[in-house]
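# Secondary and tertiary structure notes
Okay, here's what each chain looks like letter by letter:
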Amino acid sequence: MPLSGDSTRSATAEFDRVSLLFQHGDLLASQESGAALASRYQTANPEWSARFRILSARSAAWRGMNPEVLRELSSPFPTVDDSEVVIQRLSLMGLAHAHLHEFDQATQDVEKAQSICSSRDESACGELLRARGGFAVERGQFREAYDLFLKSLSSARKFNRPWDEAAALMNLGAINLRQEEFDEAIDRLRAANVIASELDARDILVNIAGNMGWAYFRLGDSERALEMFKEAEQRATALGDVGDAVGWLTTAGDVYESTSDFNRATRSYSHALDLAMGIDSKEDIVNTLEDLAHVSIEAGNLQDATAYVEQVMPLVRTNGNPLDALDVSLAQGRIAAAQRQDQKAETIFRTIENNPSSQSTMRLSAEHELARLYDSQGIATAADGMYKTSLTTFESARAQLKTEASYLPFLANATRIYDDYIHFLVVHGKHDEALVFADRSRARTLAQGLGLDTNIQAFKHAAFHPGAIAQKTGATLLFYWLGEKQSYLWAITSTRTALFPLPARREIAAMVERYRNAVSHLDDTLESGNEDGLALYRTLIAPAGHLIRPGSQVVILSDGALSQLNFETLIVPGPTPHYFIDDATLISAPSLYMLASAKPSPRGGHKLLLLGDPISADPDYPELSMAALETQQIERHFAAADKTIFARRQANPAVYLASTPQQYSYIHFVAHGFASRMDPLDSAIILSRSSAAEDSFKLYAREIIQHPIHARLVTISACSGSGSRSYVGEGMVGLSWAFLRAGAHNAIGALWEVSDDSTPRMMDALYQGLEDGMSPSAALRQAKLTLLHSRGSFRRPFYWASFQIYVGL
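Report follows, based on the coordinates. Every chain is numbered independently, its residues counted from 1 as its sequence is written. Predicted model: local features are reported for residues with pLDDT of at least 70 only, side-chain atom pairs are reported and counted for 80 or more only, and whole-chain, interface and lining totals are derived from all residues. Side-chain numbers here rest on the full set of heavy atoms in the structure, without hydrogens or water.

## Points about the overall build of the protein
Condition: Going along the chain from the N terminus, every DSSP run of H or I of four or more residues is numbered as a helix, and every run of E of two or more is numbered as a strand. C-alpha atoms define the radius of gyration, and 2.2 Å times the number of residues to the power 0.38 defines the globule rule. Residue burial is assigned from relative accessible area. The probe radius is 1.4 Å, only protein chains are included, and a residue is buried under 20% of its type maximum, exposed over 50%, and partly exposed in between. Whether two residues are in contact is decided by their heavy atoms: any pair within 4.5 Å suffices. Areas reported as accessible are Shrake-Rupley estimates using a 1.4 Å probe. Residue values count occlusion only from the protein chains shown. Under the convention used here, Asp and Glu are negative, Lys and Arg are positive, and both His and the chain ends fall outside the count. A charged residue contributes its charge at one atom only: NZ of Lys, CZ of Arg, CG of Asp or CD of Glu.
Across its full length, the protein holds 37 helices and 18 strands. Expected size for 809 residues packed as a compact globule is a radius of gyration near 28 Å; at 31 Å, the protein falls within 12% of this value. Over its C-alpha atoms, taken along the principal directions, the protein stretches across nearly 95 × 70 × 45 Å. Considering the protein as a whole, with its 809 residues, one finds that 59% of them fall into the buried category. Of the contacts made within the protein by residues no fewer than 6 positions apart, 68% connect residues no fewer than 24 positions apart. Carbon and sulfur atoms make up 50% of the accessible area of the protein, which totals about 31,400 Å². Distance from the positive charge centre (75 side chains) to the negative charge centre (98 side chains) of the protein: 4 Å.

## Considering the state of the cysteines
As a reminder, the rule being used: The disulfide criterion is simple: two cysteine sulfur atoms within 2.5 Å.
In this structure the tally under the stated criterion is 1 disulfide. Between the sulfur of Cys117 and that of Cys125 lies a disulfide, 2.1 Å long from S to S. Its torsion about the S-S bond being -100°, the disulfide of Cys117 and Cys125 is classed as left-handed. For the pair Cys117 and Cys125, a shared accessibility class is recorded, and that class is buried.

## Points about the packing of aromatic side chains
How we decide: Two rings from Phe, Tyr or Trp (for Trp, the six-membered ring) form a pair when their centres sit within 6.5 Å of each other. Planes less than 30 degrees apart are called stacked, planes more than 60 degrees apart edge-to-face, and all others tilted.
This model, assessed by the stated rule, comprises 28 aromatic pairs. Taking the centre distance of 6.1 Å and the plane angle of 20° together, the rings of Tyr421 and Phe424 count as stacked. Of this pair, Tyr421 and Phe424 both sit in helix H22 (residues 415-427), 3 residues apart, roughly one helical turn. We note that Tyr421, like Phe424, is buried. Geometrically, the ring pair formed by Phe669 and Phe739 is tilted, given 5.6 Å between the ring centres and 35° between the ring planes. On the criterion of sequence distance, the pair formed by Phe669 in strand E10 (residues 666-670) and Phe739 in helix H34 (residues 735-742) is long-range, its members being 70 residues apart. Of the two residues, Phe669 and Phe739, both sit in the buried class. Through a chain of ring-to-ring contacts, three or more aromatic side chains come together here, namely Phe15, Tyr41, Trp48 and Phe52.

## Thoughts on the sheet that holds strand E12 (residues 684-686)
Using the following cut-off: What makes two strands pair is DSSP finding at least two bridges between them. Axis geometry follows a simple rule: fit a line to the C-alpha atoms, using only the stretch in contact for helices, then measure angles between N-to-C directions, giving values from 0 to 180 degrees.
Strand order in the open sheet made by the 3 strands is E11-E12-E13, with antiparallel pairing throughout. Sheet topology places strand E11 (672-674) and strand E13 (698-700) at the edges, where each strand pairs with a single neighbour. On average, each strand axis in the sheet is inclined to that of its neighbour by 25°, with strand direction left out of account. Note that E11 and E12 share 3 bridges and pair antiparallel. Within E12, the position partnered with Gly673 by the bridge is Ile685.

## Looking at the packing of helix H16 (residues 302-319) against helix H17 (residues 322-338)
Our working definition: Orientation is classified from the angle alone, with under 35 degrees giving roughly parallel, over 145 giving roughly antiparallel, 65 to 115 giving roughly perpendicular, and any other angle giving oblique. Here is the rule for handedness: rotate from the far helix to the near one, and if that takes an anticlockwise turn smaller than a right angle the crossing is left-handed, while a clockwise turn gives right-handed. Side-chain classes follow a simple rule in which Ala, Val, Leu, Ile, Met, Phe, Trp, Tyr, Cys and Pro form the nonpolar group, Asp, Glu, Lys and Arg form the charged group, and the remainder, Gly included, forms the polar group.
Where H16 contacts H17, the axes come no closer than 10 Å and their chain directions differ by 155°. The orientation of H16 with respect to H17, classified from their angle, is roughly antiparallel. Considering the relative orientation of H16 and H17, their crossing is left-handed. From H16, Leu302, Ala305, Thr306, Val309, Val312, Met313, Val316 and Asn319 reach across to H17, where they touch Asp324, Ala325, Val328, Ala331, Gln332, Ile335 and Ala338. Classifying every residue of the contact of H16 with H17 by side-chain character gives 11 nonpolar, 3 polar and 1 charged.

## Section: the packing of helix H19 (residues 360-376) against helix H20 (residues 380-399)
In the contact formed by H19 and H20, the axes pass within 8 Å of each other and the chain directions differ by 165°. Comparing the axis directions of H19 and H20 gives the class roughly antiparallel. As for how H19 packs across H20, the hand of that crossing is left-handed. Contacts between H19 and H20 pair Ser360, Arg363, Leu364, Glu367, His368, Leu370, Ala371, Arg372, Tyr374 and Asp375 from the former with Ala382, Ala383, Met386, Tyr387, Thr389, Ser390, Thr393, Phe394 and Ala397 from the latter. Across the contact of H19 with H20, the residue classes break down as 10 nonpolar, 5 polar and 4 charged.

## Some thoughts on the environment of Gln633
If you trace the backbone, Gln633 turns up in helix H31 (residues 627-635). Sequence spacing of Gln633 and Leu92 is 541 residues, and the spatial spacing of their C-alpha atoms is 72 Å. Excluding its chain neighbours within four sequence positions, the residues that come into contact with Gln633 are Pro760, Arg761 and Asp764.

Next up, the structure:
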């Protein structure tokens with residue numbers, strides 16, 4: 001019933017004000033304001049009172065306060081003729097009952113609302129579609145939920161309701177995640193983010209951020225995910241959204257568990273469980289109890305794990321969600337395996353593996369547990385077969401991904417399987433096969449991007465024979481695997497392959513971190529006899545020292561934290577301690593398979609493309625005082641007809657992309673670099689501004705890989721040109737990786753911030769060596785030795801060891 005006079009305008013204005021609070025995510029304020037206004041209009045105008053109660057209840061629903069939703073909407077509720085109010089009330093009550101696992105009552109509410117919507121088409125029916133989708137999610141019926149959210153999206157667009165459109169896109173992205181459709185999920189969530197940002201819909205933005213974090217976590221990018229989960233939990237708490245705070249606390253616990261930080265994981269899950277119980281959110285209670293069971297198993301607390309399983313079982317039987325049931329079964333199987341109830345454990349794992357409802361990650365876990373079970377029983381053939389089966393399952397899941405950004409971190413999902421399988425093969429004396437599978441996990445994204453076949457049969461081809469690769473390169477190959485409990489070094493020459501056990505990953509990584517800190521703080525580590533520099537040599541090089549000829553070439557195939565270590569700086573002990581660079585020429589390679597596939601570096605061309613000394617476009621990247629000098633020293637090594645130089649304003653991304661870079665043998669940048677740790681493909685070379693666009697001065701790694709090149713050498717004379725993020729299997733991913741991915745045969749990048757004073761001198765010596773006919777690796781070594789054996793401060797490794805050479809195809 002329409003209202004008249006000042007009271008109408010007052011009610012309308014108040015409703016718009018509170019609706020805006022809700023839209024902006026001020027949920028507690030909108031809930032309390034809605035309830036107060038409902039009370040004010042209860043007698044004067046029941047219809048407005050009803051609308052304010054709906055608004056208050058909707059705010060409570062988005063906070064996860066389902067009992068409060070039902071209290072607000074229960075009888076006595078004003079009798080109104082407005083069908084929109086009736087549909088909204090029934091939708092909110094139905095979804096609240098579903099969240100509380102009161103499914104019979106939820107069904108009644110939803111069916112009543114549906115009976116109204118079946119005879120009319122109005123915007124409130126879109127809210128019903130969203131409620132029905134949420135109901136389907138509670139029951140684990142994700143395909144049905146997806147269809148309903150898709151219809152709610154159409155409704156939102158039809159009635160021009162952008163907030164509902166953003167919510168629908170967010171829900172569709174969440175369902176994509178549940179169904180392990182990661183690329184699609186990210187696309188949906190980004191679309192939702194655009195709309196929600198325009199509306200300043202802060203609670204939706206929090207949900208989007210958390211769901212994006214979950215996508216990155218499932219893709220294997222735990223570090224990025226954890227940052228997003230922490231931020232989402234803090235923002236949800238600030239908005240009064242307890243329900244979402246529970247969710248992001250839980251997912252943060254998942255990250256901690258995946259990194260074996262069981263104590264922190266347990267605290268995060270327990271906090272989430274307390275909050276979930278406080279709002280009686282059944283789905284969250286189930287999730288946190290399941291997670292607590294699994295982390296208790298990991299920590300060896302089987303009694304606690306059993307108690308959590310017993311606590312969650314009645315809830316899982318009630319909700320009828322098949323994925324919850326499978327997850328509880330997985331926990332029961334792991335408990336049985338730990339208690340040596342082998343037959344029971346095997347039956348459970350096989351049931352999960354063969355269940356049509358199992359997602360690939362669930363199946364992967366069951367197959368991995370089966371392999372470990374058979375291994376513990378001493379059934380080597382069955383264990384070997386199951387490890388291979390689990391890796392096949394992983395490869396099938398990886399094949400569904402569509403973008404480079406998704407490929408890069410995804411291998412982390414199989415790290416434990418590869419680690420266990422490689423250890424299994426080594427223990428059973430299958431050292432060569434262990435090396436094949438270790439290398440199979442390396443540089444997959446890089447190899448695929450360059451058109452190489454990464455099928456396992458390609459790795460077993462005769463061309464992959466390690467000795468043949470060593471002979472082809474004329475080098476000793478040092479291939480490292482850092483394992484959770486045991487690491488390995490394969491030392492490979494043309495005549496033999498030797499395997500050496502090394503300490504666990506954590507011990508090696510700690511030494512690397514300490515030594516990098518010493519180098520970055522300008523320590524003269526040789527003069528001080530740095531213990532970590534000595535210990536790393538004894539650990540990583542000395543076991544294979546007898547296979548390395550003095551003055552020979554050594555190819556390092558690093559793993560994990562070793563990607564951030566320049567092996568040239570390791571200190572060789574003895575009567576005359578010295579750096580390892582004095583003994584050998586070192587090259588970093590992504591994988592044995594790529595070395596086997598590499599073509600000889602072209603020698604015919606001598607054309608140079610140089611972009612340098614750009615105009616600063618951002619105060620964070622001031623002009624380099626020595627850039628002009630470095631540019632002059634490099635270009636003097638090339639004839640006028642062979643060099644193309646872009647300096648100052650011309651040194652910009654658009655010029656590089658338009659320069660047909662594949663025609664050049666040498667490409668060099670004298671500029672700042674930016675290494676993005678959260679998204680390495682956002683790493684960039686900082687040049688002059690190309691246009692008025694805000695970031696037009698950045699040449700991004702994701703742009704670089706889209707423009708093929710054939711350069712003999714690309715040199716990024718910039719800070720962190722190698723990157724700041726090491727991905728499982730891919731090593732350091734950043735600007736050097738991007739140029740290798742684009743087709744460079746060799747790339748030189750910096751592991752840390754380079755010195756503006758020493759770099760021009762080193763680059764002059766590098767190009768003099770190339771002019772004299774040296775290979776890029778030999779020329780770089782000679783340039784470094786020039787600084788190392790000088791009398792000044794440049795002898796310290798900080799000045800000469802930042803630059804590292806990487807070989808591609």
